Amino acid sequence: MEMVVIFKREFASYFSTPLASVFIVIFLVLAGVFTFYLGNFYERGQADLMPFFNFHPWLYLFLVPAISMRLWSEERKSGSIELLMTLPITKLDAVVGKFTAAWCFIGLALLLTIPMWISVNYLGDPDNGVIFASYLGSWLMAGSFLAIGSCMSALTKSQVIAFILSVVICFLFILSGFPLVLNVFKDWAPSVVVDAIASLSFLTHFSSISKGVLGFRDLLYFLSLIGCWLFATAIVIELQQAD
Amino acid sequence: MIEIVNLSRHFGQLTAIDDISFTVEAGEVLGFLGPNGAGKSTTMKMITGFLAPSSGSISVSGFDIGTQTIEAQKRIGYLPEGAPCYEDMNPLQFLGFIAAIRGFKGDEQQQKVAQVVTTMGLESVLTQKIETLSKGFKRRVGLAQAIIHNPEVLILDEPTDGLDPNQKHQVRNMIRSLSKDKIVIISTHILEEVTAVCTRATIIANGKIVSDCSPAELESKSRYAHAVTLHLTEQQSAATKLSELPGVSEVEVNEEGKLLTVLTEGGQSIYEQVNDLVRQESWQVDALYVEKGRLDEVFRKITEEVV
Ligand SMILES: Nc1ncnc2c1ncn2[C@@H]1O[C@H](COP(=O)(O)OP(=O)(O)OP(=O)(O)O)[C@@H](O)[C@H]1O
Ligand SMILES: [Mg+2]
């Protein structure tokens, strides 16, 4: 119940400042640029949204930390965390409430790209099941970025530091599935290790989802990643009370 | 009831709170005094569950703040130092949010908000963003937030800082009017406030409690307690005669000998003797009155002894 109250306040707070509109505009413009210029949307001559989704990890790498950096740093800087933490709510209520508000906000930005989905249907005959799965996968991946960012934001008063830390950690999570990186390990490490590294990556799971197979393992991967990082956030906040 | 037992708090090497214990009973209004950095805010942060103690325990209405945090926090209203709040909201939204967290819904929620808006005089700023409010109004929003659920325990860190005289008066009335079974702890640097609203004055310095008594007792520790001041119409050499009176310890002379303050030994009343002497010597006097103890002097004496 308290979680819902926190969620509502947080979600509304995105729209009480220019943050919401600035973020959404930048998100849509970048998504467009990536898809149409870098992704050769037209030249490929295929009716699907592959070029659009392929760039999402890179888009989120910078845009999601920009949202997550304020989750806790701002509260600590302004002192409002003292108010929040002395209200009768659990840490988990606060952590999850804030996270879901941000996640839904990013989901909203994602929904605004639906005209692109409509236009591929107009231009050709895409597999809508695949596109739907990709949207879901993309949102789940955004959630994982966000959960990492939430934890980094809880670590510091400075939004800039929170941003940089989140970008670095998210980058590592993307990188671990890159063929370039995996090849380095392939030569000498046992294949179990290589697979383990690859299976940690956003890319591995996202690309399998965006092929249209919304596997249980990939869902579990993203959800448990989110769960772990949110739990870590709550612990960080708990520890600061005793610090 | 609030029970604090052997409470300590360290920040790295620094010991902010050093093994303090005290109990506050229902009906008490405790004024928490002390120099800057004494540990007032730190203690309040621990009572409200924002900071964890390094050692010791705190219970609020029977609930341990460390293990039954939520239950304890439900019973506490807290104004943190500097009255932080969500500045991107307006007072109406903000108070609605707090009321919702405190478990009020629908009509009851609106009624609670309306009630504190009236108490704190916020009608004129209801739809203005809090970040654009003046310091005093922000503080009033913070106070409104603290009392919205009519808490058993009210903890206010410098509640009247930045308020105009009318609002100061209003807040003091508000505190006094709280029903007699509540606990209020306020920290303040305004000593008159303690005499005006508190039933108990606790002075803390360097993380230790150095004095804990009623404001009246505190006043009586002043060397000015029961002293008698006379304003002479014309300059007289009255000081010598006054200091020869029994029970007089010292006579302070000011304003070229026209203003004399007669201090007593051991707090006995000497008004009669001074009055008799004035008549006997037929001095022309504009005013003659018994002094109250001076809290600032007692405060200085008590807190400087520690350093
Ligand atoms: N987060 C912190 N980290 C390190 N030291 C701290 C922290 N919070 C408080 N202190 C230190 O603890 C001591 C007590 O501070 P506190 O804020 O409780 O004082 P105070 O009595 O409220 O003073 P004031 O009258 O100025 O408000 C100070 O020496 C302060 O520097
Ligand atoms: Mg303080």
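No experiment lies behind these values; they were computed from the predicted model shown.

Cut-offs applied
Residues numbered from 1 in each chain as written. Chains lettered and ligands numbered in written order. Predicted model: local features only at pLDDT ≥ 70, side-chain atom pairs only at ≥ 80, totals over all residues. Heavy atoms only, no water. Helix = DSSP H or I, 4+ residues; strand = E, 2+ residues; numbered from the N terminus. Rg over C-alpha atoms; globule rule 2.2 N^0.38 Å. Contact = heavy atoms within 4.5 Å. Buried area = accessible area lost by both parts, 1.4 Å probe. Salt bridge = Lys/Arg side-chain N within 4 Å of Asp/Glu carboxyl O. Near = heavy atom within 4 Å. Polar contact = N/O pair within 3.5 Å; in protein donor to acceptor, adjacent residues only side chain to side chain. Areas by Shrake-Rupley, 256 points an atom, 1.4 Å probe, with all protein chains shown as cover. Nonpolar A, V, L, I, M, F, W, Y, C, P; charged D, E, K, R; others polar. Pairing = 2+ DSSP bridges. Axes fitted to C-alpha atoms, helices over the stretch in contact; angles between N-to-C directions. Buried < 20%, exposed > 50% of the residue type's maximum accessible area, 1.4 Å probe, protein only.

Peer 1: It is not clear to me how the overall build of chain A should be interpreted in this structure. Could you clarify?
Peer 2: Within chain A, the regular secondary structure consists of 14 helices and zero strands. Going residue by residue from the N terminus, the α and β elements of chain A occur as α-α-α-α-α-α-α-α-α-α-α-α-α-α. Relative to the globule expectation of 18 Å for 243 residues, the C-alpha radius of gyration of chain A, 19 Å, shows essentially globular dimensions. Considered along the principal axes of its C-alpha atoms, chain A spans approximately 55 × 45 × 30 Å. Across chain A, the fraction of contacts at a sequence separation of at least 24, relative to all contacts at a separation of at least 6, is 77%.

Peer 1: Where do I start with the interface of chain B and chain A in this structure?
Peer 2: How big an interface is tends to be reported as the loss of accessible area on association of its parts. Between chain B and chain A, the residue contacts involve 27 residues of the former and 24 residues of the latter. Summed over both partners, the interface of chain B with chain A comes to about 2400 Å²; 65% of that surface belongs to carbon and sulfur atoms. In terms of surface lost to chain A, no three residues of chain B exceed Phe50, Tyr86 and Ile101 of chain B, which account for 31% of the buried area on that side. Viewed at the interface, chain A and chain B are joined by two salt bridges. Measuring nitrogen to oxygen at the nearest pair gives 3.7 Å for the salt bridge that ties Arg9 of chain A to Asp88 of chain B.

Peer 1: Explanation requested: the site of ligand 1 in the structure shown.
Peer 2: All names here are of chain B. Near ligand 1 there are 14 residues, and of these Gly37, Lys40, Ser41, Thr42 and Glu81 occur at the shortest range. One of the backbone nitrogen or oxygen atoms of Gly39 is found 2.9 Å away from an oxygen atom of ligand 1. Contact with the protein chains hides 62% of the accessible area of ligand 1, taken as 630 Å² for the molecule alone. Broken down by secondary-structure element, the contributors of at least two residues to the shell around ligand 1 are β2 (14-24) and α1 (40-47). If one sorts the elements of the shell around ligand 1 by residue count, α1 sits on top with three residues. Classifying every residue of the shell around ligand 1 gives five nonpolar, six polar and three charged.

Peer 1: Would you mind showing me how to read the sheet that holds strand β8 (residues 183-187) of chain B here?
Peer 2: Two pairing modes exist for strands in a sheet, parallel and antiparallel, and in both the strands are linked by backbone hydrogen bonds. All names here are of chain B. Pairing in this open sheet of six strands is mixed, and the strands run β6-β7-β8-β3-β9-β10 from one edge to the other. The sheet is open, and its two edges are formed by β6 (76-79) and β10 (208-213), each paired on a single side. The mean inter-strand angle of the sheet, taken between neighbouring strand axes irrespective of direction, is 15°. Most of the contacts of helix α11 (residues 295-306) go to strand β9 (residues 200-205), to which it runs at about 30°, and overall it touches β3 (29-33), β9 and β10.

Peer 1: Quick question: what am I supposed to make of helix α13 (residues 202-210) of chain A here?
Peer 2: An α-helical turn contains 3.6 residues, so any two residues separated by three or four positions project in the same direction. All names here are of chain A. Here α13 lies mainly inside the structure; seven of its nine residues are buried. Among all positions of α13, only Phe202, Leu203, His205, Phe206, Ser208, Ile209 and Ser210 are buried. Of the surrounding secondary structure, the elements contacted by the buried residues of α13 are α3 (50-54), α4 (56-68), α9 (128-155), α10 (159-175), α12 (191-199) and α14 (216-242).

Peer 1: It is not clear to me how the sheet that holds strand β14 (residues 285-290) of chain B should be interpreted in this structure. Could you clarify?
Peer 2: Residues and elements named next belong to chain B. Taking strand neighbours across the sheet as the criterion, the four strands line up as β12-β13-β11-β14 in an open arrangement whose pairing is antiparallel. Only two strands of the sheet have a single neighbouring strand rather than two, namely β12 (248-254) and β14. Across the sheet, the mean angle from the axis of one strand to that of its neighbour is 15°, orientation sign disregarded. Judged from the four bridges that link them, strand β11 (residues 228-232) and strand β13 (residues 259-264) form a sheet pairing that is antiparallel. If you follow Leu230 over to β13, its bridge partner there is Leu260. Contacts from helix α10 (residues 271-281) reach β11 and β14 within the one sheet, and its direction differs from that of β14 by about 165°.

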